[in-house]
Amino acid sequence: MRTSTTRVAITGFAGLDNPEPGLATARAIRGHWSGPLEIEGLVYDPWATGGWTPGVADRLHLIPPIAHGDAAALNRIQAIHQQHPIDALIPCLDLEVPLYSRLAGRLAREGIKTLLAPAEDIAAVTKVNLHGFCYSHDILTPHTVHVRDLSAVAVHADHFGYPLWIKGTVAGAKKVINREQALFEAESLAARWGGGVLLQEAVEGSEHVVAMVARADGRCLAMTTMRKIGLNARGKGVIGSTIDDPGLNRLALEILEKLHWRGPLELEFVRSHASGRLYLLEVNCRFPSWIFLTEFAKANLPAALLREILAPGARAPRPARVGVMYARDVQEISVPAASITSLKRSGSALVPASMPIRCHRGGIAVGITGISAFELTQPGLGMARCLRAAPEIGRIIGLAYTPNDTGMFRRDLFDICCRIPIDTTPEKETAGDGRMLEQLVAIRKKHGMDVVIPNLDLEIDRFHRIAAELEAEGIRTLLPTPAARRKLSKIGLSRLSGQHALGVLEFPETIAVRNRRDLALAYKRFGTPMILKGVDARAARVYSAEQAEVVWSRFKEDGETTILAQPVVFGEEFGVGLVCDRAGRLIDSIPLKKLVMCERGKTWSAISTPLPMVVDQLAELMAKVGWQGPADVELIRDSITERMSLIEINPRFPAWIGYAEMIDRNLPRQLVLAALDRPPVLSTTDGHHHQDFVFMRTAEEVPASAVSMATLINRGEIGYGKD
Amino acid sequence: MMTPRSSKSASLRLRSRIRLEPDAEGEGGMLFDTQTAMICACNSSAWTIVSAMRKGNDADRLTGLITGAYEVNQTTARKDVLSLVKELRTLDMLEPD
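A brief structural summary. Keep in mind it's a predicted model, so treat the numbers as computed, not measured.

**A short note on the interface of chain B and chain A**
By convention, interface size is frequently given as the accessible area that disappears when the constituent parts associate.
Then, number 1: Listed as interface residues are 15 residues of chain B and, on the opposing side, 16 residues of chain A.
Then, number 2: Elements with a minimum of two residues in the side of chain B that touches chain A: β1 (18-22), β2 (29-33) and β3 (39-42) of chain B.
Then, number 3: Broken down by element, the side of chain B that touches chain A gets its largest block of residues, three residues, from β2(B).
Then, number 4: A per-class count over the side of chain B that touches chain A returns six nonpolar, six polar and three charged.

Next up, the structure:
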């Protein structure tokens, strides 16, 4: 064990729902290192939410954008080094590895060690050059063309045939099934990453990834192979398992020999379903974001890298245990606003320690749906966090639809997870209702369940239909009625706006688009950007008539019968989470300002802010329609008129509801009490306290297990032995 | 001339890379392919069959195990065994004949 403090600087803490690898790398080193360790997190802005994860980085430091060049980066690292000496630097982003590789000699003279491949070797295998590298080294890879001029995308795409992948030159990839989609995605990826796009043959198969560390002489120090088991709609491996595939291992080592590599490396492959052959998809010059899996598998690659940087010739870690799994879930934290201000002002800040969830064990058992972060973060995860802190609540039962629901692996949040049936086909509505009722009653009989809270838009109608039967069986719930929902739906709000019934709130002008003619009319009226929305969920911004056509067609193909068009309202975005009692009276609410949103428009950072006029207006509106239960209200303050536009009202809590526990405004607790017709509890904190803490969310790998997944399938439940 | 052997008489053996992991209550479990990470969840009767396939067994003996352990007639048991064998072959979890 080391006695002197090891000091390592790590980058790559941003990325939100598509996390950069820095947090996982830092967590792995923190989790394994024997001896004193200090981690300096290097971030490009204060909103790199992973950097604020308690117990990982000790401090965060702002560094200049890569575009400012080598000298700016070196100067900043030197300045940080003077204040907080650094022994080793591990860059975790594709674009910065060549930069730090170029600076390696100068950093070494300062006493900062690195282990990075030479910039020219990295350049040889970038996405743009990989096809040529593979050709010259006889490595199988999907046929790929780099199209610099976007006007040529259609020709090349048609020549490839569909489906095919459109890839950004640095990151990002979308599978497309026709020319229109190819053009749409090419425009958006090229705008983001520059340099045109790559068109790549779609090889259907399973995805396998190899993470490696190469010593300075190019030999392999350590490697772990992983197969993506659960891929979300964006093709990201949310669940994965270590494997032992001798053929893949051999191929990876052969490729490593040809790369003349040193340092961390990721090789991505697809094994063709048709031929069984492995195609090399990507070579990345850093660890993958799932690298924390190697800590679960007792073969910690980031720690091995750090040991090798500090003392070359270090002992290799043991081979990874096979069949070890991870699931990518989320962690939600509150960060003192003062810390963020400090980072912005001085360029450095301490990362505050964690505030553990205060767990109570009351007598009420609550079932919660929507407990997954597999696609989007669902509200059930934050709700469970809140109920853990509620003194009246005892058992929390996670209600999962599939073994991919990531909340299933959160034993810190749930006492037990039970499977509930999926059936969303309208023609089988009654049968589906019956199965759900039967399952919930069975869960109550076996485990006790006093209240059930559905957290997904698509379930609200079903739970409302069976609410009376549930109550007869002793399970209470509190949900808005279909009539109230209709009145405050997007179409309903548009009507209310027309009747000037929204008071201080505005609602964007809305056109229902039933056909192409309506779409053309909407485009003519609103210009760009315009927003297209489904009645219940989904929305997309479009910037041209062609994009509008592609999005409209996609929505139609996906079964949206009514599509709405609105002009985009420019301004800061706000949200209000609220809960009403059975009489439609507002019990409590949390208004907040959204600070950071992911690509899909979901809130990953926010701060409580008083909006008294808005809340009063919402209370009036809710009372008027007799709204019962939770709501998620989305608003935008027009940057020119300063008027607040109501964007939509959803019939469940927002996904950021975990923040309620952090600022002592526990709305889920109020909802459970209201569902049981108990009086609400009064908040013990004042409004100023709420504004001291910023909500942040990070993606984080948690241990998963195939046995748990099998148990959920076979037995319909998994317990965590807390009884 | 070689004739392909049917699952009925052939020795049915799980590949050595297949790991059997019982679930918490030990009445079912899952098969995990350590090379491909393929997972096959097994209820208690399927678990009885795959456990007996670890060292190799033929379909008749596997059918006997099911009729001995569960209240099921031979025809149904054989059908279940052959159905599971077919699924395991699709997942490439059985040694070739």
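**Observations concerning the pairing of strand β9 (residues 205-214) of chain A**
All names here are of chain A.
Then, number 1: For β9, a buried count of seven out of 10 residues is recorded, marking the element as mostly surrounded by other parts of the structure.
Then, number 2: Two strands pair when backbone bridges link them, and β9 and strand β12 (residues 263-272) are joined in this way by 10 bridges, in the antiparallel orientation. Its bridge partner being in β12, Val209 is matched across the sheet by Glu268.
Then, number 3: Here seven bridges tie β9 to strand β10 (residues 220-231), and the two strands are oriented antiparallel to one another. The residue bridging Val209 from the neighbouring strand is Met226, located in β10.

**Quick look at the nonpolar core**
Then, number 1: By size, the foremost hydrophobic cluster in this structure holds 226 residues, and its most contacted members are Met212(A), Val366(A), Ile397(A) and Met30(B).
Then, number 2: Considering every element that reaches this core, the biggest residue donor is strand β30 (residues 693-704) of chain A, with seven residues.
Then, number 3: Core analysis: the next-biggest nonpolar cluster, separate from the first, contains 32 residues, Ile166(A), Leu183(A), Ala186(A) and Ala190(A) among them.

**A look at the sheet that holds strand β18 (residues 416-419) of chain A**
Residue and element names in this part refer to chain A.
Then, number 1: Here we have five strands laid out as an open sheet, ordered β19-β16-β17-β18-β31, and mixed in their pairing. A strand with exactly one partner marks an edge of an open sheet, and here the two such strands are β19 (451-453) and β31 (717-719). Taken over all neighbouring pairs, the strand axes of this sheet differ in orientation by 20 degrees on average, direction set aside.
Then, number 2: Running over the sheet, helix α14 (residues 429-447) touches β16 (364-368), β17 (393-400), β18 and β19 and is turned about 145 degrees from β17.
Then, number 3: In the packing of helix α25 (residues 706-715) onto the sheet, contacts are made with β17, β18 and β31, and the angle to β31 comes to roughly 130 degrees.

**Quick look at the sheet that holds strand β5 (residues 144-147) of chain A**
By way of backbone hydrogen bonds, the strands of a sheet pair with one another, either parallel or antiparallel.
Residue and element names in this part refer to chain A.
Then, number 1: The strand order across the open sheet formed by four strands is β5-β8-β6-β7, and the pairing between neighbours is antiparallel. Of all the strands in the sheet, just β5 and β7 (173-176) have a single pairing partner and so form its edges. Pairs of neighbouring strands in the sheet enclose a mean axial angle of 25 degrees, with direction left out of account.
Then, number 2: Sheet topology note: the strand β6 (residues 164-168)/β7 ladder contains four bridges and is antiparallel. What sits directly across from Trp165, in β7, is Lys175.
Then, number 3: Sitting on the sheet, helix α7 (residues 153-160) touches β5, β6 and β8 (197-201), and the angle it makes with β8 is about 10 degrees.

**Brief notes about helix α19 (residues 516-526) of chain A**
Structural remark: α-helix, 3.6 residues per turn; residues separated by three or four positions point the same way.
Residue and element names in this part refer to chain A.
Then, number 1: Within α19, burial applies to Leu519, Ala522, Tyr523 and Phe526. One face of α19 carries all of its buried residues, which in axial projection span an arc of 100 degrees. Exposed and facing more than 90 degrees away from the buried side of α19 are Arg517, Lys524 and Arg525.
Then, number 2: Elements that come into contact with the buried residues of α19 comprise β21 (511-513), β22 (530-534), α20 (545-557) and β24 (563-567).

**Describing helix α13 (residues 379-388) of chain A**
All names here are of chain A.
Then, number 1: Burial analysis of α13 places 10 of its 10 residues in the buried class, which makes it a mostly covered element.
Then, number 2: Inspection of α13 places Pro379, Gly380, Leu381, Gly382, Met383, Ala384, Arg385, Cys386, Leu387 and Arg388 among the buried residues, and these make up the whole buried set.
Then, number 3: Elements that come into contact with the buried residues of α13 comprise β14 (325-336), β16, β17, β19, α22 (659-662) and α23 (667-675).

Procedures and definitions
Residues numbered from 1 in each chain as written. Chains lettered and ligands numbered in written order. Predicted model: local features only at pLDDT ≥ 70, side-chain atom pairs only at ≥ 80, totals over all residues. Contact = placed C-beta atoms within 7 Å. Helix = DSSP H or I, 4+ residues; strand = E, 2+ residues; numbered from the N terminus. Nonpolar A, V, L, I, M, F, W, Y, C, P; charged D, E, K, R; others polar. Buried ≥ 20, exposed ≤ 12 C-beta atoms within 10 Å, placed from the backbone. Pairing = 2+ DSSP bridges. Core = buried A, V, L, I, M, F, W, Y, C linked by C-beta atoms within 7 Å. Axes fitted to C-alpha atoms, helices over the stretch in contact; angles between N-to-C directions. Arc of directions from axis to C-beta.

The values reported here are purely geometric and, on their own, carry no functional implication.
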